[in-house]
Every structure is written in C-alpha cells, then in structure tokens.
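Fold and geometry: a report
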Amino acid sequence: MRRFLDRFLAYRAGMTAGLYVLFLIAVAIAAALWPGIDPHEISDRAMVAPSMAHLLGTDELGRDVLLGLIYGVRVSLTVGFSAALAATVIGVLIGAAAGFYGGWLDLVVMRISEVFQVVPGFIMAAVIIALSGPGLSRVVMVIALLAWPQIARLMRGEVMRVKQLEFVDAVRCLGVREWVILGTEVIPNSLAPVLAGATLIVAQAILLEASLSFLGLSSADIISWGRMLNSGQRFLFNAPWLSIFPGFAIFITVLAFNLLGDAVGSALNPKTQR
Amino acid sequence: MRAYLLARLGWAVPIVIAILIINFLIIHLVPGDPIQALVGDFPTPPGYAEQIRKEYGLDQPLLTQLWLYLVNLAGGNLGFSFANRQPVLPLILDRARFTLLLMLPALTCAAVLGVVLALAAAPRAGSLYDSSVTAISLIGFSVPIFWLGQILIIAFAIKLRWLPAQGMISLRETLTGWAAVADVLWHLVLPGFSVTIYYIAVVARVARASVLDALSQDFVLTAKAKGLSGRYVLWRHVLPNALIPVATVIGYNFGYSLTGAILVETVFAWPGIGNLFIASIGNRDYPVLQGIFLLTAVAVVLANVVTDMLYAVLDPRVRGSYGKNA
C-alpha cells in the first residue's frame, strides 16, 4: 500500500509538472498570437502595487508585471527547449560514436567531457556572453556547449550496453555496415535515458538564462524573467512585487522540468517499471 | 598511496591545460580586435595597446600567440585592470578573501545540516518526514539562488528589520575587536543562508542515499545482533561509512558553490569576487572577467584533487584497490 502510494505520488508530481509545462506552452503561443498587446508599453501608472487593474502591479516605467511574465515565458521556453535540443543532438552523436567505436575516440571524448564537468559553467558562460555580446542565439549556443557532455556520457554508457546485445550481432550477420547498424539499430534503442537527461537540461538552461539576464547579460529590449529580477533588485524596498513574481515563475518552471525529468527517468527505467 | 596521488595529479594537469586553452580562445571571441579583450574597453595611454600587442604577439600565428599567452600566465601576469588601476591577479586574490569568508561557513553549516536531515530521514524511509526531506532537496535544486536572496531581504531585512540587507559591515559606526567580528557575522546570515540552500539539497540527497546504503550492510546487522542500541549503531557504525560520499560530494560541488556565491554577492552587495565580476561586466573590464574564470576554474580543479586525496584518507579501500591495479 505504501509503495503504491509512493508511486502514485511520484506519478502525480510528474503529471502536474507535465500539465504545467503544457500550460506554459499554451501561454507562450497565446501571447504570440494575441493581437494589439504590447508588453513594452509604458504608462504613467508606474510602481503601482498589485490591484484589480494590475494583478501583479507595474514596474518603474508603468509596464504591467503580469504581461511581462506572460511574454517572458517565450524567452524561457525558447532558450530551454533549443538549448536542450542542441545539446541532445550533439551529445547523442558524439556519445554514440564514442561508445560504439571505442578506442582513442572514446578516450578523447571522455577527457573533453571531463573538462566541461569541472569548469564552473556559469562563470564561463557569463564571460563568453560578456565578451561576445548578448543575444538569445548566443546564450543557446553557450548552454549547448556546456551541457552536451552530460548527454554524451549517458548515450555512451547506453550504447556500450546495447551494442553487445544479440540483435545487433544478428543484424551484423546480415552484412549490414557498421555505421548503418549504429544509426538504425543502436542509437534508436539507446535513446531512453537521454530523454530524461534532456528534460533536466531544459531546467538547467532556463535557470542559466535567467541567471545571465539577472546579471544584465541580455539585451535590454527583450523582456525575460531574469531581466525583470535584474531591475527589481533596485526596488526591493518600495516595490517588492517586481522581484517576487518573476522569481517565483522561474522557480516553479525549473522545478516543473526537474520533476518531469525525474518522472520520465523513472518511467523509462525498467527497474522501477510496474 | 603515492601511486594514487600521482594518478590524481596526472588527471589534473591536462584539465588545467585545457582550461588555459579555453581561456585563450575566449579572447578571440570579442568581435573585432582581440586587443579589446586583453585591455578592456578603456581609453588607455598611447602606446599601451601597442605594447600589449607585442607582448602577446597578436600579429603572429595563433600557436605562437598561445605560447606567449602561457608564458605570460606562468609569470603570474593576468593582465592589468584599468577600471581598478591595478594588476588583475592581486585584485582578484584580494577579493577572494571575502568570497571565502562567505562560502566556508555556509559550506560547513550545509554539510552539518544536510547530514543531520539525512540521518533523521533515512531510517524512516518512505515516511512523511522522509518525503519532506526529499522535497526540500528538490526545491534546493530548482530555486534561483539570487531570487531566494531577494526574498530573504524583503522578509528579514525590510519587513521584519531583523537583519541587514546589504554589505559586509555597518557603515554608520566604526567597530573594533569582537564587536566588529559580530557585525560581520550579523551581515553574513542572509547571504550565507542563500548559498547554503543548494548545498543542503546536494548533501541531504547524497547523505540520505548513503545512509540507506550503509543501513542495509551486513556490519549493521552484526552490530544489531550483538545487542547494540539502534542509536549507537546509527552514530558509530552507519555515520562514519555514510560520511565518505558526503565529503566527496562537497568537494566536487565546490564550483557550484562559487557560482552561487557570485550570484548571491550581487544581491547582497558583498564585496567579494562576485561583486568584482558584475562591476567588471558593467565596465567591460575583460581581463578581470577572464582572470576570474581562470582562477575559479583552477580552484575547482584543486578542490577536486584535494577531495580525491581526502577520499583516499577516509576510505582505505580506495588507495588499496588502486595499488593493486596499478
């Protein structure tokens, strides 16, 4: 009974997180399609506390905080998903090649991924963005650069396991070429753990983008949650709502992707399967 | 033991070299002239840019440049900060003291708290208490540390007025002796707690798993069979074995805590490396940014090596098994 309850709870947390992510995607799409609303619009109602007219208050230029949050979803999700996708593609290809062919290739890849594991990633990302200039695509590239080794390690381990399985030998006996075996048999059968890893990278990417924007390392004319916290920092005393709500949005979103990643991981793990 | 230590040092050397090369490549990321990255965005004295250009061989092939860069680093030359009017290396080392002052007490508290939470939670695996410890560690992994800092300021400094919101010392009065120490500790509470939360999460998660693991070992059963009390077994047999992974996870996460400290410092105006970092971003003082990356990365590698050594000291099985294989 207790075990059942645990499973149910884990399942429910993952479900709730999944629903929340779907909700965010819907919000991002709705904000993109809704005509005539400009979150940058400046009004003379500056620094108004949360009220019926402005549910989450307004900032120092009279911009609505709730509207900012809604438009910020797009930045967070875009960065999160594209960085995770890029890291996953790179990680899968490199990790699979390393695990399948082994030898010096494997050695080199593992050493490089070790370097990225040790290097303080956030500081490196901040230095690169500070030197090369802000921009969402740059942020995505830097995060992908930092995160691919995680996927590569997962992939490598799984490929090393899968390539020894009998069905691979069976295909080999049919005279199929090695790289075709890797592409059509081994990689598709090794992707399960990568899926969970990629979901966790979405969480890391959203947090990292928010941290960079918080330090002011994003372009000032793009509304993002981290950027809102950056300007909120100056008004902690008179307008705490400028910090409380955007930060809470980051927290809940990162938490959701972490929960989702854990749930995906345990759902795909044969050891915990029902 | 010696073979083990040499192997770990042998691991660190190529990593440090890789970090140096990454840092060198970052110079060339600046759009336009790489001299910008070496000097910063500053009106410099006439001839200084030329001197740097020559020193780093910017008109030479890339490999020669890399070599000259390494030669400069080997001499302890990390460049000059025009914003602060002093060389980068002493500047960063000076600020590092304050960052360590923030980090070390926070790490100690986090280690103790994390282990205590885990010790309390693990024997009751599956209980509500255990689930809440798991929940705490999940929150610790997800909360943006700078936002946590802001919330703490709003709650404890602005609303309740219990603790100071900013800085490391009270500026209104000049304190000496123990009063000054107490004053710094007083300012340390909120930023320290912000740094701690992630670490409590990491330590609690690992400690919980390793306590659970130790609880299921044969020696625990033996100790219980001898009639020792559950509490005695927990403290004398389970804890020492469970502490080994905890010690390593603290060392391996040194880089994360540095990052956390940097973000927290900007929220609390703590005068450490983080504050220097954000000021240098604002000033486009690139040599300082690069210097901070280089020194923190090397510090993290060192922390890893020290952790490995500690691991060997704590767990005789590690060095023993290494000797046999090597």
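Counting restarts for each chain: residues are numbered from 1 in the order of the written sequence. Here chains are named by letter from A upward and ligands by number from 1 upward, in the order in which they appear as written. Local features in a predicted model are, by the rule used here, given only for residues with pLDDT of at least 70; side-chain atom pairs are given and counted only at 80 or more, and totals for whole chains, interfaces and linings are based on all residues. Just so you know, side-chain values use all the structure's heavy atoms and leave hydrogens and water out.

From N to C terminus, chain A includes 10 helices and zero strands. Reading the secondary structure of chain A in the N-to-C direction produces α-α-α-α-α-α-α-α-α-α. Once the C-alpha set of chain A is aligned to its principal axes, its extents read approximately 75 × 55 × 35 Å. We call two residues contacting when some pair of their heavy atoms lies within 4.5 Å. In chain A, 71% of the contacts between residues at least 6 apart in sequence involve partners at least 24 apart. For the purposes of this entry, the term helix denotes a DSSP run of H or I that reaches at least four residues, the term strand denotes a run of E that reaches at least two, and both are numbered from the N terminus.

Let's shift gears to the overall build of chain B. The number of helices and strands found in chain B is 14 helices and two strands. With the C-alpha coordinates aligned to their principal axes, the bounding extent of chain B is approximately 80 × 60 × 40 Å. By the burial criterion, 48% of the 326 residues in chain B qualify as buried. Sequence-distant contacts in chain B: of pairs separated by 6 or more residues, those separated by 24 or more amount to 72%. The accessible surface values rely on the Shrake-Rupley method and a 1.4 Å probe; as for residues, cover is taken only from the protein chains in view. Summed over its atoms, the accessible surface of chain B is roughly 15800 Å², and 66% of this surface lies on carbon and sulfur atoms. Charge convention: Lys and Arg are scored as positive, Asp and Glu as negative, and His as well as the terminal groups of each chain are ignored. To locate a charge, the coordinates of NZ of Lys, CZ of Arg, CG of Asp or CD of Glu are taken. Averaging the locations of the 21 positively and 15 negatively charged side chains of chain B gives two centres separated by 12 Å. When a residue's accessible area, from a 1.4 Å probe over protein chains only, is under 20% of the maximum for its type it is buried; when over 50% it is exposed; and in between it is partly exposed.

Okay, the environment of Ser 113 of chain A next. All names here are of chain A. Mapped onto the elements, Ser 113 comes out in helix 3 (residues 103–118). Given the relative accessible area of 0%, Ser 113 is considered buried. A sequence separation of 36 residues divides Ser 113 from Leu 77, and the C-alpha atoms of the two residues are 26 Å apart. Leaving out residues up to four positions away in the same chain, Ser 113 has contacts with Pro 149 and Arg 153.

Remark: nonpolar core denotes a set of buried residues (Ala, Val, Leu, Ile, Met, Phe, Trp, Tyr, Cys) joined through side-chain atoms within 4.5 Å. Membership of the largest hydrophobic core comes to 182 residues, with the highest contact counts inside it found for Phe 277 and Phe 293 of chain B. When neighbours within four sequence positions are excluded, Phe 293 of chain B is seen to be in contact with Val 119, Pro 120, Ile 123, Met 124 and Val 127 of chain A together with Ile 22, Asn 23 and Ile 26 of chain B.

Right, let's talk about helix 10 (residues 230–252) of chain B for a bit. For an α-helix, 3.6 residues make a turn, and residues three or four places apart therefore share a direction. Residues and elements named next belong to chain B. Under the convention used throughout, the expected extent of a helix is 1.5 Å for every residue step, that is, one less than its residue count. When the terminal C-alpha atoms of helix 10 are compared, their 32 Å separation across 23 residues agrees well with the 33 Å that a helix rising 1.5 Å per residue should span. The largest bend along helix 10 reaches roughly 45° and is located at Leu 239, with the proline Pro 240 sitting one to four residues downstream. Considered for burial, the residues of helix 10 that qualify are Val 233, Leu 234, Val 238, Leu 239, Ala 242, Ile 244, Val 246, Ala 247, Thr 248, Val 249 and Gly 251. Lining the buried residues of helix 10 we find helix 5 (88–121), helix 8 (177–215), helix 9 (218–225), helix 11 (254–268) and helix 13 (286–314). Note that the bend at a residue is defined as the angle between axes fitted to the seven residues ending at it and the seven residues starting at it.

So, about the interface of chain B and chain A. The interface of chain B with chain A comprises 46 residues on the first partner and 39 residues on the second. Note on chain B versus chain A: buried area summed over both sides is about 3800 Å², and carbon and sulfur give 79% of it. Once two parts are put together, the accessible area they lose, assessed with a 1.4 Å probe and summed over both, is termed the buried area. In terms of surface lost to chain A, no three residues of chain B exceed Phe 146, Trp 147 and Gln 150 of chain B, which account for 15% of the buried area on that side. Each reported salt bridge corresponds to a side-chain nitrogen of Lys or Arg within 4 Å of a carboxyl oxygen of Asp or Glu. Scanning the region where chain B abuts chain A turns up zero salt bridges. Here a polar contact means two N or O atoms within 3.5 Å. Within protein one must be a hydrogen donor candidate and the other an acceptor candidate, and residues neighboring in sequence count only if both atoms are side-chain atoms. Inspection of the region where chain B meets chain A yields eight residue pairs in polar contact (both at pLDDT 80 or more). For the side of chain B that touches chain A, the secondary structure elements donating two or more residues are helix 1 (2–27), helix 6 (128–142), helix 7 (145–159), helix 11, helix 12 (273–283) and helix 13 of chain B. In terms of residue count, helix 13 of chain B provides more of the side of chain B that touches chain A than any other element does, 10 residues in total. Residue classes follow a fixed rule: Ala, Val, Leu, Ile, Met, Phe, Trp, Tyr, Cys and Pro count as nonpolar, while Asp, Glu, Lys and Arg count as charged, and any other residue, Gly among them, counts as polar. In terms of residue class, the side of chain B that touches chain A is built from 36 nonpolar, nine polar and one charged.

Contact geometry for helix 4 (residues 121–132) of chain A and helix 13 of chain B: axes closest at 10 Å, N-to-C directions at 160°. Accordingly, the angle class assigned to the pair helix 4 of chain A and helix 13 of chain B is roughly antiparallel. Considering the relative orientation of helix 4 of chain A and helix 13 of chain B, their crossing is left-handed. Residue-level inspection shows Ile 123, Met 124, Val 127, Ala 130 and Leu 131 of chain A of helix 4 of chain A in contact with helix 13 of chain B, the latter providing Tyr 286, Leu 289, Gln 290, Ile 292, Phe 293 and Thr 296 of chain B. Taken together, the residues of the contact of helix 4 of chain A with helix 13 of chain B break down into nine nonpolar, two polar and no charged. Fitting a line to C-alpha atoms yields each axis, with helices limited to the stretch in contact; the angle taken between N-to-C directions then spans 0 to 180 degrees. Just so you know how the angles are binned, under 35 degrees is roughly parallel, over 145 roughly antiparallel, 65 to 115 roughly perpendicular, and the rest oblique. Helix crossings get a hand from a simple test, with the near helix turned counterclockwise from the far one by less than a right angle marking a left-handed crossing and a clockwise turn marking a right-handed one.

What follows is about the packing of helix 5 of chain B against helix 10 of chain B. Residues and elements named next belong to chain B. Packing of helix 5 against helix 10 brings their axes to within 11 Å, and their N-to-C directions diverge by 135°. Compared by their axis directions, helix 5 and helix 10 come out oblique. Crossing handedness for the pair helix 5 and helix 10: right-handed. Contact with helix 5, carried on its side by Ala 111, Val 115 and Leu 119, involves Leu 234, Trp 235, Leu 239, Leu 243, Val 246 and Ile 250 of helix 10 and no other residues of that element. Split by residue class, the contact of helix 5 with helix 10 holds nine nonpolar, no polar and no charged.

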